[in-house]
Every structure is written in C-alpha cells, then in structure tokens.
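# Geometric and topological summary
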Amino acid sequence: MALDKNPILLYKLPGEMSAELPDLEKYDFILGFMNEAQEEILKIYGSEVICIDSTHGTNKYNIQLTSLLIKDDNWEGFPVAFLWSNRQHQSVFTYFFQKVKGRSGSLKINSFMSDDYKAFYNVWCSVYSKPSFYLLCDWHVKRPLKKVSYLDLQK
C-alpha cells in the first residue's frame with residue numbers, strides 16, 4: 001500500500017538551521033511522525049480526550065519521545081502522533097502541534113491530559129482552542145500523595 005501523504009510531519013537534524021523552523025536552536029533534533037491511519041483515528045476520536053506524555057532519560061543521547069494519544073471506543077489510549085526531540089521547549093511543541101493541526105484540521109476537545117509540564121497545555125491552547133478540562137495524569141496526582149504520611153496530615 002503506497003502512502004498518499006508523507007508520514008513525516010517535521011524533521012530537523014542537529015547542526016543545521018531550518019528556514020521552516022526558525023525558532024529552533026542549531027543543535028536541536030526534531031522528528032515528528034503521523035501516518036494516514038493515525039490521522040483518521042485522530043479525526044474520529046479526537047474530540048473527547050487528548051493525552052500527551054514524554055519519556056525522560058531513557059537513552060544516552062537524551063532524545064525524548066513525546067506521544068500524542070486519544071481515547072478510543074474501548075477507553076484505551078491510541079497513539080496518533082509521535083515526536084522525537086532532544087529537548088522539551090515551547091517552540092518545539094508549537095511546531096509539532098501546528099503540523100498535527102495541518103493534517104487533522106481544527107479539533108475542539110473536551111479534555112486535555114498531560115503531566116505537570118505546563119508547556120504542553122499552553123501550546124495546545126495557543127494552536128487549538130482551550131479544552132473544557134485540563135487533567136493531570138494519575139501518576140502525577142498519586143506521586144505527591146505518596147509522599148504525605150498519615151502523621152503529616154495530623155499536624
């Protein structure tokens with residue numbers, strides 16, 4: 001099956017400057033990916049919940065994988081776009097979300113879920129419209145609660 005659209009949303013090698021991505025630093029590495037199937041799934045399910053999450057410190061090159069997911073009919077997360085980058089920065093996510101929007105069109109979502117890195121949400125709201133709800137993923141809610149002991153609550 002031949003692809004009608006190139007699945008590469010954006011690409012920049014370290015050490016190069018890009019006229020298409022002028023706000024990025026010379027040594028930034030960026031690779032954004034969304035295939036046609038992911039694009040269609042995003043269009044079908046993208047109005048309910050959008051989730052975004054990144055890996056941290058998983059390889060010696062410090063390349064982070066950011067995944068954009070939706071919730072499908074089975075209440076399971078389905079990845080609809082990926083971004084590999086050497087750093088998390090507002091300009092990186094702005095370009096990524098703009099390219100996703102260029103493929104999927106405008107999405108009006110009900111809920112946006114991410115970790116506690118505010119740039120995800122802020123950039124989403126600047127590229128798309130503001131969702132009705134902003135949710136933290138359960139790991140970021142439970143982690144601080146585990147640090148509070150019963151005795152701390154008694155003070």
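All of these numbers come straight from a predicted model, not from anything done at the bench.

### What to know about a nonpolar patch on the surface
- A surface patch of nonpolar side chains, about 250 Å² in accessible area, is lined by Ile8, Tyr11 and Leu13.
- One can find Tyr11 in strand S1 (residues 8–12).
- Residue classification places Tyr11 among the partly exposed positions, given a relative accessible area of 47%.

### Notes on the pattern of salt bridges
- Scanning the entire structure with this criterion turns up six salt bridges.
- Across the pair Lys99 and Glu20 runs a salt bridge, and its minimum N-O distance is 2.5 Å. A residue pair is termed long-range when its members are at least 10 positions apart, and Lys99 in helix H2 (residues 90–104) and Glu20 in the loop between S1 and strand S2 (30–33) qualify at 79 residues.
- For the salt bridge of Arg87 with Asp28, the shortest nitrogen-to-oxygen distance reads 2.7 Å. Placement of the pair is Arg87 in the loop between strand S5 (77–85) and H2 and Asp28 in the loop between S1 and S2, with a sequence separation of 59 residues.

### What to know about the nonpolar core
- Of all hydrophobic cores here, the largest spans 29 residues; its most connected members are Leu68, Phe97, Val100 and Trp124.
- Within the residue set of this core, elements represented by two or more residues are S1, strand S3 (49–54), strand S4 (64–71), S5, H2 and helix H3 (118–127).
- Among the elements that take part in this core, H2 stands out by supplying six residues, more than any other.
- Once residues lying within four places of it in the same chain are set aside, the contact partners of Val100 are Leu9, Met34, Leu42, Leu68, Ala81, Gly105 and Tyr128.

Calculation notes
- Residues numbered from 1 in each chain as written.
- Predicted model: local features only at pLDDT ≥ 70, side-chain atom pairs only at ≥ 80, totals over all residues.
- Heavy atoms only, no water.
- Patch = residues over 30% accessible without salt bridge, like charges linked within 9 Å, V, L, I, M, F, W, Y side chains within 5 Å.
- Areas by Shrake-Rupley, 256 points an atom, 1.4 Å probe, with all protein chains shown as cover.
- Salt bridge = Lys/Arg side-chain N within 4 Å of Asp/Glu carboxyl O.
- Helix = DSSP H or I, 4+ residues; strand = E, 2+ residues; numbered from the N terminus.
- Buried < 20%, exposed > 50% of the residue type's maximum accessible area, 1.4 Å probe, protein only.
- Core = buried A, V, L, I, M, F, W, Y, C linked by side-chain atoms within 4.5 Å.
- Contact = heavy atoms within 4.5 Å.

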